[in-house]
Amino acid sequence: MTKILHMLYAGLLLAMLTTPLAAAERPKIGLVLGGGGAAGVAHVGVIRELERLGIRPDVVTGTSMGAIIGGLYAAGYTPTDLERVALEIDWSSILNDSSDRRLQHPLRRDSRLEPLSVQADLPIGIGAGGAQLDAGLVDGVKLTAILAQLTTRHNRIEDFDDLSIPFRAVATDLTTGEPVVLRRGPLVDALRASMSIPVLLPPVVIDGRLLVDGGVSNNLPIDVARQMGADIVIVSSIPPSAKKTEDLGSFAASLGQTLSIFIHSRTRDQVATLRDDDILLIPDVGAVGMLDFADAPDTIVEGANTVLAEETRLAALATGRFAVPRAPIGDLRNAAIEYDRIEVEYDGRLDPDVIRRRLDLPASGSATGREIETAISRVYGLDLFENITYSHEPDGRDEVLIIRARQRNDGLLTPRFGIALEDTIGEDGDFTIAVGAGIPELNPFGGRFDFDLSFGNIDAVQFRFEQPLDLDQDVHVRATGAYVNQSGTLFQDLDDPLSEIIVEQAAVSGELFWTPGDWGRIGAGIGFVHQTVDIRSGTIPGTNIDRIVEDQIPVSLTVDYDTLDDPDLPRSGIQIGLSYEYDVADDESGSSIVLDALGAYSFGQHTVSAFVAADGEVDPQGFDPRFIGGFQNLSGLAEGELLGNVTALVGLRYYRRFGFEHPFGKEAFAGASLEFGGAFDDWDEIGNKGGFLAGAIFAGVQTPFGPLILGFGAAEQGQYAATLNLGFRF
């Protein structure tokens, strides 16, 4: 027995003496993950197979998407965790900062019932420092929020050497063009900076340096892995895009190809430094575009296949190694974050308390990453910010949830535009061009001023000033002014036009609104309208004169219920706008009512919408004209071609979304509508006289300025019209 114990002690002593020597002799392995946009998801497959072989690197370096995958892996994510991140997160969506419209404040969101005619914002702001373009096509708010959620367990780690695997991310100094190796600070900031794709995403400021995507200066940081002590490097390099000429028609595709060519011209310099013992893996993902995240499942497989092709060499490298299984990180987006208070940091005019209340989070307690993401989306929907981030930091004995917001373009003038071209077959073509601008942030409560100018088929000048009266922005006042000059045709019967009528109107109004929730608002107001009506021939209906000049003082009550997900091409939700007016200056005309309602329902890529609209005096006594006509407002007729005391419209619209490569992206749509309505002397005439049956077919593409739509309409009396529209509601 004693002999056996002596042998065991001798064996244990030998193991203790030889293990450090073996560890010292074992080469240090570095894993280098290159950038490549959506194709970089292949790194997940590479890591999965390396772990299967028992190879866990001693250091990890990465650029752009390689930094995100590598950073999460170094922080402790398992291959299964990484696959979930790659497959379950809608990366294409988070690279589009459009917040959920239903979370936007009614004061700030675009609406079908918006009194301003032009809606397409230009990516430019005019501030105290002059005019400047937006730093990126998207602000990156969603991307930053997702990365913050994914790294929430590691936000207290300042030195990346203290992660499960020492890690470095590479970004580029936008001022000097030099690579910047990020080794400390918040992990979320390093990952976000390394993937700040030029033009698409704005730069990130770290330690006073303006940083963009590391692929611009060092897309394959082999040298960084060497500096960290790697003896052998395993390099996963994403090949340059191999798209065909016909696949490069969109802005996104052209941008991706341009960056790919530029980046990979520098990658060759790093590849040239590889030694015989190093292993270069090149996944077959050349056909995957920069934003083709929908191909993630196949992209991961290609990464795994690349490791399998080199399994013999890698297996030799794995000798004597064992990757201790990690506990799964789990879904950190649903993990609760405990905090004692919320602090808001903002560099603009808006009172930080407005932001704090808009978050709609408990003052203290806990919230999951997804809940914080939704809260940030609610704030971002105020449309004032270039960027919003959050962090969870200690302050003495307190845990503080810090929300940091940065003002967009000094908070000053934001231009916008719109264009509508219309050719009514057999008649002269019409057009309407509009330009406008807004000052979105006038004071601490969030007052804003907007105006627009349109000319062509409709000549108009409009302005609007809105001012919240409380920090919750539940109550606000609105002052509006407008001048409109518009003409239409008066009909005896559907095929019997009487004369052209010209309506000139100048109006001012003041309204008080209460916003009980994001679903809409209730308002009351009073206005003054000076109106002139001229008829080209004959007399105005209900009179024996050819010109009416009158003043109106309407008192109004308005209710707007709105849960549409999009004001132009909604896929779900309902909007019902109802307005009642009483003219206190005219006892005979009395009251009028306006109804505008739309509901949308989708199944798959298909969407069906039903809509109804009506406008007119309750009991018409004279002639107070309303206009109707135009695309999906009796298609086939010119814009506002018909007029009468009462207008009414019902319709049904169908459209389908599909993928189609175009200069602005890949999202396109096509559909048709059927409409029935007209202009009438009074409400009874709707049933007695009937109306027009009209319809349209249309197709278009989504652009950064809203949908670009080409439509062709026809009405039952043989009227036809073609329409091209960008930046206008319809």
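Residues numbered from 1 in each chain as written. Predicted model: local features only at pLDDT ≥ 70, side-chain atom pairs only at ≥ 80, totals over all residues. Heavy atoms only, no water.

1. Side note on unusual backbone geometry
Among all residues except glycine, the phi angle is most often negative; among peptide bonds, the trans geometry is most common.
Alright, step 1. Although it is not a glycine, Ser 64 adopts a positive phi angle of roughly 60 degrees.
Alright, step 2. With respect to the element layout, Ser 64 can be found in the loop between β2 (59-63) and α3 (65-74).
Alright, step 3. Located in the positive-phi region is Asp 360, a residue other than glycine, with phi close to 60 degrees.
Alright, step 4. A residue is classified by how much of its surface remains accessible, and Asp 360, at 59% relative accessible area, is exposed. (Helix = DSSP H or I, 4+ residues; strand = E, 2+ residues; numbered from the N terminus. Buried < 20%, exposed > 50% of the residue type's maximum accessible area, 1.4 Å probe, protein only.)

2. Examining the nonpolar core
Alright, step 1. Counting 98 residues, the largest nonpolar core has Phe 167, Leu 182, Ile 234, Leu 361, Phe 385 and Ile 388 as its most contacted members.
Alright, step 2. No other element matches the seven residues that α3 contributes to this core.
Alright, step 3. Counting residues in each nonpolar core, the second largest holds 13 residues, with Leu 564, Leu 598, Leu 637 and Ala 694 among its members. (Core = buried A, V, L, I, M, F, W, Y, C linked by side-chain atoms within 4.5 Å.)

3. Focus on helix α13 (residues 369-380)
Alright, step 1. Between its first and last C-alpha, α13 extends 16 Å over 12 residues, near the 16 Å set by a 1.5 Å rise per residue.
Alright, step 2. Summarising burial for α13: nine of the 12 residues are buried, a large majority.
Alright, step 3. Listed in full, the buried residues belonging to α13 are Gly 369, Ile 372, Glu 373, Ala 375, Ile 376, Ser 377, Arg 378, Val 379 and Tyr 380.
Alright, step 4. The secondary structure elements touched by the buried residues of α13 are α6 (141-150), β12 (336-339), α12 (352-359), β14 (365-368), β15 (385-395) and β16 (398-407). (Expected span 1.5 Å × (residues − 1). Contact = heavy atoms within 4.5 Å.)

4. A look at a nonpolar patch on the surface
Alright, step 1. On the surface, a cluster of nonpolar side chains totalling about 800 Å² of accessible area is made up of Ile 419, Leu 421, Phe 431, Val 435, Leu 453, Phe 455, Val 461, Tyr 483, Leu 710 and Leu 724.
Alright, step 2. Sorting the residues of the nonpolar patch by element identifies β17 (414-424), β18 (430-439) and β19 (448-456) as the ones contributing at least two each.
Alright, step 3. Locating Leu 710 in the fold gives a position in strand β34 (residues 706-715).
Alright, step 4. A relative accessible area of 53% means that Leu 710 is categorised as exposed. (Patch = residues over 30% accessible without salt bridge, like charges linked within 9 Å, V, L, I, M, F, W, Y side chains within 5 Å. Areas by Shrake-Rupley, 256 points an atom, 1.4 Å probe, with all protein chains shown as cover. Salt bridge = Lys/Arg side-chain N within 4 Å of Asp/Glu carboxyl O.)

5. Regarding the sheet that holds strand β13 (residues 341-346)
Alright, step 1. Across the sheet, three strands lie side by side as β13-β16-β15; this open sheet has mixed pairing. The outermost strands of the open sheet, each flanked by one partner alone, are β13 and β15. For this sheet, the mean angle separating the axes of adjacent strands, direction not counted, is 20 degrees.
Alright, step 2. In terms of strand pairing, β15 meets β16 through 10 bridges, oriented antiparallel. For Phe 385, the partnering residue across the bridge sits in β16 and is Gln 407.
Alright, step 3. Across the face of the sheet, α13 comes into contact with β15 and β16 while running at roughly 140 degrees to β15. (Pairing = 2+ DSSP bridges. Axes fitted to C-alpha atoms, helices over the stretch in contact; angles between N-to-C directions.)

6. So, the pairing of β12
Alright, step 1. Across the two faces of β12 the burial differs, with Ile 337 and Tyr 339 buried and Ala 336 and Glu 338 not buried at all.
Alright, step 2. Strand direction decides the pairing type here: β12 and β14, joined by four bridges, are antiparallel. Each bridged residue has a counterpart across the sheet, and for Tyr 339 the counterpart in β14 is Gly 365.

7. Details of α3
Alright, step 1. Among the 10 residues of α3, 10 are classified as buried, and the element is accordingly described as predominantly covered.
Alright, step 2. Residues of α3 that are buried include every one of Met 65, Gly 66, Ala 67, Ile 68, Ile 69, Gly 70, Gly 71, Leu 72, Tyr 73 and Ala 74, and no others.
Alright, step 3. Trailing α3 by a residue or two, Gly 76 shows a phi angle of about 120 degrees, which is positive.

8. Details of the confidence of the model for the protein
In low-pLDDT segments, the atomic positions of the prediction should not be examined closely.
Alright, step 1. Chain-level statistics for the protein give a pLDDT mean of 84 and a share of 84% at 70 or above.
Alright, step 2. Counted against residues more than four places away or in other chains, residues 1-24, with its pLDDT under 50, gives zero contacts. (pLDDT = per-residue confidence, 0-100.)

9. Observations concerning the environment of Met 195
Alright, step 1. Here Met 195 is to be found in the loop between α7 (187-194) and β8 (204-206).
Alright, step 2. In sequence terms Met 195 and Gly 36 are 159 residues apart; their C-alpha atoms lie 9.8 Å from each other.
Alright, step 3. Not counting chain neighbours up to four residues away, the residues in contact with Met 195 comprise Ser 64, Met 65, Ile 68, Leu 201, Asp 213 and Phe 293.

10. Looking at the pattern of salt bridges
Alright, step 1. On inspection of all chains with the given rule, the structure shows 33 salt bridges.
Alright, step 2. The shortest N-O distance in the salt bridge between Asp 81 and Arg 84 comes to 3.2 Å. Taken together, the residues Asp 81 and Arg 84, both in helix α4 (residues 79-88) and three residues apart, mark about one turn of the helix.
Alright, step 3. When its relative accessible area of 2% is taken as the criterion, Asp 81 is described as buried.
Alright, step 4. With a shortest N-O distance of 3.2 Å, Glu 345 and Arg 404 are connected by a salt bridge. Placement of the pair is Glu 345 in strand β13 and Arg 404 in strand β16, with a sequence separation of 59 residues.
Alright, step 5. Salt bridges here are not isolated pairs; linked through shared partners, they connect Arg 48, Glu 49, Arg 52, Glu 83 and Glu 311.

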